[in-house]
Amino acid sequence: MSGPTGEGPATGAEGFAPPGGAAARGREGAGGRRAGRRRAGAARRGRTGRARTAGVAGFAGELWPRRDGGRADLGTGCAAAASAAVLGLVVVYVLRWWLLAFLVSAVVALGVAAAVVGGSVLTGLYFRRTHEVMFGGGRPEDPPPGEGDDPAHRAYHGGPAWWDLRTIVGRTWAASAVWGVLLGAHFAVHALVVAAYLAAAWTFVGVLRVVDAGLLVVRRVRMVCPGCFLRLGYPAYLCTRCGRRHGAIRPGLRGLLRRRCLCGARLPTLLLLGSADLDALCPHCDRGLEHRPGEAREFVLPLFGSAGAGKTRLVAGMNLALAQAARGTREAYVEPVGEETVRRLRDSERLLTAAHRTGPTPPGREVRGLTVRVGAEGRTLLLQVYDAAGERFNRSATTEDLTYLGQASTFVLVVDPLGVEAVWRSMTAGERSRLSGHRSRVRDPELAYGAVRDEIRRQYRMSGRRLRPRRARTRLAVVVTRADLVRGTSAAPGGMPPEEWAARTLGLGNLLRDAAADFGEVRVFLTASVADGSGTAHPSLSALLRWVLAGESAVFAGMLAGSAPGSGEGTAPRGAPAPLGSAAPRPERVGGGR
């Protein structure tokens, strides 16, 4: 039966009603109901208390560990962890290769990303430093030219290319520290580009020099200083703005086609580009070269002979003959070059008058070539005539100073017939009386010839040439002057050939034989360094010049042939000098020179 409270039958000691009677059961009924109510309340209170106790116990468990140390829960956790670990290991074992591939791919991807970002940053740094150095004004300053160097900035291939590379590498390394190692490829490529540029630039330098030298050889241009007589490989030049001296202006480390002086002026480095228009200096003696060397072929013509033989008058006569030939030829000109040449040849016409007496060249006068620029039909020739005092040819010691002899291939020996004792004795007393004032006291011409020949041999030997080379033949003109004075005398050649008259009357037979053995070609000329009343030079001078310049160009020979009407093909008159406008036969060659 259920209790009054509707709860189920009582259990336990208090809820069991033993048998014994109805009264007892009645009395006990009321008490049982009260006890039941008490038990129900106690049960309700017990449930509430157990709940409270459980909450307190849980809270207390959190504050104070259980007396068993939580071994049961720890064991359960460890078992669960072990199970998870085993399961994880099994999964890892099963998927080990996939996981390894994933890890490697992740590492590689991260590495590539880091490399790309870092490489981009380093590359940007490298290009920034390159721009700063090459275009942003951060280039290192060029070292100043050393002693003996030309006052010009170095071209980019002459050093700055390497200096820029070194500066770029240094600044990039300083900014990137050890990470600059990653730019090794950039530096290597930059170095290869610089090396290729330098190889191309220096190859171009070599090509320019070869072309320039080749043109000089083809045009037969040899440059000789009229002051020190030395041959010039290339002149020195003065800057057009500041006047600084540039000793080696050809293409090189300071420029290809042009170089930049320290003052900023740009100068051409080749004759082809106009360097001949600059003020030139001799690199050996620093004298000014007013004839613009390298622009045209230079023809060195030394005159030698005893003192008073008539060399100075002969030079004036040849200059006058050239000038008159140019005036009679279309597009031709003769221009004295240099102040000294202009001064000494200014009055050639006056010097050649019959009444003018030309004194000998002072022995102490400095020997300097008289340069005349001759042009005709687009051809130009620089004629350098050297007239040294006759006293210099008396001794070998003084002849050694005439180093221009080694630069020439055509020579002129000047002989005064009145100074030859045999000629003087062959004249009558009246002739000697009339000509005594014109006679020079000269030594035997063979002495001057021997001294000059020996010096020519010595200088040729020093330069590796021979006096009688097979191709570039040496030539000697034996010029007998004062033919106008000899004409009409008992010593006049008459119809005798010039070489025969020189050998018999002048006693030059031995000299002519030696000359034929020493030189490739020898000619004898009988000239008169005079001008007629109209100022026209004697045609014998044009004949001599035609032979002298015959090896240069037919243009000049034609110009001179047209200046002497009726002179025909001759280079010297036979016998007495022909009158102006008369024919002048061709002289004979002595000794069969080649």
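Residues numbered from 1 in each chain as written. Predicted model: local features only at pLDDT ≥ 70, side-chain atom pairs only at ≥ 80, totals over all residues. Heavy atoms only, no water.

## What to know about the overall build of the chain
Each helix and strand in the chain was counted, giving 17 helices and 15 strands. Going through the 594 residues of the chain one by one, you find that 43% of them count as buried. Long-range pairs, those at least 24 residues apart, make up 71% of the contacts in the chain with a sequence separation of at least 6. Entry remark: accessible area of the chain is about 30,900 Å², with carbon and sulfur atoms responsible for 59%. (Helix = DSSP H or I, 4+ residues; strand = E, 2+ residues; numbered from the N terminus. Buried < 20%, exposed > 50% of the residue type's maximum accessible area, 1.4 Å probe, protein only. Contact = heavy atoms within 4.5 Å. Areas by Shrake-Rupley, 256 points an atom, 1.4 Å probe, with all protein chains shown as cover.)

## What to know about the confidence of the model for the chain
Across the chain, the average pLDDT comes to 78, with 78% of residues at or above 70. Scored below 50 in pLDDT, residues 1-24 shows 11 contacts in the model against residues more than four places distant or in partner chains. Long-range and interchain partners of residues 56-64, a stretch whose pLDDT sits below 50, account for 0 contacts in this model, where long-range means more than four residues apart. (pLDDT = per-residue confidence, 0-100.)

## Re the environment of alanine 161
If you trace the backbone, alanine 161 turns up in helix H4 (residues 160-176). When its relative accessible area of 1% is taken as the criterion, alanine 161 is described as buried. Note: C-alpha distance between alanine 161 and valine 194 (33 residues apart in sequence) is 6.5 Å.

## Describing a nonpolar patch on the surface
Nonpolar side chains collect at one region of the surface, where Val86, Leu87, Val90, Val91, Val92, Tyr93, Val94, Leu95, Trp98 and Leu99 lie side by side and expose about 1,000 Å² of accessible area between them. Elements that contribute at least two residues to the nonpolar patch include exactly helix H2 (71-94) and helix H3 (96-134). A per-element tally of the nonpolar patch places H2 first, with 7 residues. (Patch = residues over 30% accessible without salt bridge, like charges linked within 9 Å, V, L, I, M, F, W, Y side chains within 5 Å. Salt bridge = Lys/Arg side-chain N within 4 Å of Asp/Glu carboxyl O.)

## Things to note about the side chain of threonine 172
Here threonine 172 is to be found in helix H4. A distance of 2.7 Å separates a polar atom in the side chain of threonine 172 from the backbone oxygen of isoleucine 168. Those residues within four positions of threonine 172 in sequence are excluded, and the remaining contacts are Leu125, Tyr126, Arg129, Leu183 and Phe187. (Polar contact = N/O pair within 3.5 Å; in protein donor to acceptor, adjacent residues only side chain to side chain.)

## Points about the pattern of salt bridges
Enumeration over the complete set of coordinates arrives at 23 salt bridges. One salt bridge in this structure joins glutamate 340 and arginine 368, with 3.8 Å as the shortest N-O distance. Here glutamate 340 is found in helix H7 (residues 339-345), whereas its partner arginine 368 is found in the loop between helix H8 (348-351) and strand E11 (370-376), with 28 residues between them in sequence. By relative accessible area, glutamate 340 is classed as partly exposed at 22%. If you follow the salt bridges from partner to partner, you end up with Arg292, Glu295, Glu335 and Arg373 in one network.

## A closer look at the state of the cysteines
Applying the stated criterion across every chain, the model contains 0 disulfides. Unpaired in terms of disulfides, cysteine 261 finds its nearest cysteine sulfur in cysteine 242, a separation of 3.6 Å. No disulfide involves cysteine 282; its sulfur sits 3.5 Å from that of cysteine 228, the nearest cysteine. (Disulfide = S-S within 2.5 Å.)

## Some remarks on the nonpolar core
Membership of the largest hydrophobic core comes to 46 residues, with the highest contact counts inside it found for Tyr404, Phe411 and Leu476. Top element by residues in this core is helix H12 (residues 445-462). It accounts for 5 residues. Apart from the residues lying within four places of it in its own chain, the contact partners of leucine 476 are Phe304, Phe411, Val412, Leu413, Tyr449, Ala515, Phe519, Glu521, Val522, Arg523 and Trp547. Val315, Ala321, Val412 and Leu541 belong to the second-largest nonpolar core, a separate cluster that totals 42 residues. (Core = buried A, V, L, I, M, F, W, Y, C linked by side-chain atoms within 4.5 Å.)

## Overview of the packing of aromatic side chains
Counted by the stated rule, this structure contains 9 aromatic pairs. Summarising the aromatic geometry, the rings of tyrosine 449 and phenylalanine 519 are spaced 6.4 Å apart at their centres and angled 50° between planes, so their arrangement reads as tilted. With tyrosine 449 in helix H12 and phenylalanine 519 in the loop between helix H15 (509-518) and strand E15 (521-526), this residue pair connects regions lying 70 residues apart in the sequence. Residue phenylalanine 519 is classed as buried on the basis of its relative accessible area, which comes to 1%. Aromatic ring contacts, followed pair by pair, group Tyr126, Phe127 and Phe187 into a single cluster. When the ring centre of tryptophan 547 is taken as origin, the NZ or CZ atom of arginine 475, which lies over that ring, is 4.0 Å away. (Phe/Tyr/Trp six-rings, centres within 6.5 Å; stacked < 30°, edge-to-face > 60°. Lys NZ or Arg CZ within 6 Å of the ring centre and 35° of its normal.)

## Concerning the sheet that holds E15
Reading across the sheet, the 7 strands line up as E10-E11-E12-E9-E13-E14-E15 and stay open at both edges, with mixed pairing between neighbours. Of all strands in the sheet, those bounded by a partner on one side alone are strand E10 (332-337) and E15. Sheet twist, expressed as the average angle between the axes of neighbouring strands with direction ignored, equals 20°. Bridge count between E10 and E11: 6 bridges; the pairing is antiparallel. Bridge assignment links proline 336 to a residue of E11, and that residue is valine 372. On the sheet, H12 packs against strand E9 (297-304), strand E13 (410-415) and strand E14 (475-480) and is oriented at approximately 165° with respect to E13. (Pairing = 2+ DSSP bridges. Axes fitted to C-alpha atoms, helices over the stretch in contact; angles between N-to-C directions.)

## Focus: the sheet that holds strand E7 (residues 280-281)
Within the open sheet, the 4 strands sit side by side as E4-E3-E7-E8. Their pairing is antiparallel. Unpaired on one side and paired on the other, strand E4 (245-246) and strand E8 (288-289) mark the two borders of the sheet. Of the strand pairs in this sheet, E7 and E8 are connected by 2 bridges, and their pairing is antiparallel. Among the inter-strand pairings, leucine 281 is bridged to a residue of E8, identified as glycine 288.

## Re the packing of H12 against H15
Between H12 and H15, the least distance of the axes is 10 Å, while the angle of their chain directions is 15°. With respect to H15, the axis of H12 lies roughly parallel. Here H12 runs over H15; the crossing is left-handed. Between H12 and H15, the residues in contact are Pro445, Glu446, Tyr449, Arg453 and Arg457 and Asn510, Leu511, Asp514, Ala515 and Asp518, respectively. Of the residues that constitute the contact of H12 with H15, the class distribution is 4 nonpolar, 1 polar and 5 charged. (Parallel < 35°, antiparallel > 145°, perpendicular 65-115°, else oblique. Left-handed = near helix turned anticlockwise from the far one by under 90°. Nonpolar A, V, L, I, M, F, W, Y, C, P; charged D, E, K, R; others polar.)

## A word on the side chain of arginine 523
Mapped onto the fold, arginine 523 is located in strand E15. Looking at arginine 523, its side chain comes within polar contact range of the side chain of glutamate 521, at 3.3 Å.

## Side note on unusual backbone geometry
Positioned with a positive phi, arginine 292 is a non-glycine residue whose angle comes to about 55°. Counting through the fold element by element, arginine 292 comes out in the loop between E8 and E9. Taking the relative accessible area as the measure of exposure, arginine 292 reaches 32% and is therefore partly exposed. The backbone phi angle of arginine 482 is positive, close to 60°, even though this residue is not glycine. Looking at the element boundaries, arginine 482 is found in the loop between E14 and helix H13 (483-486).

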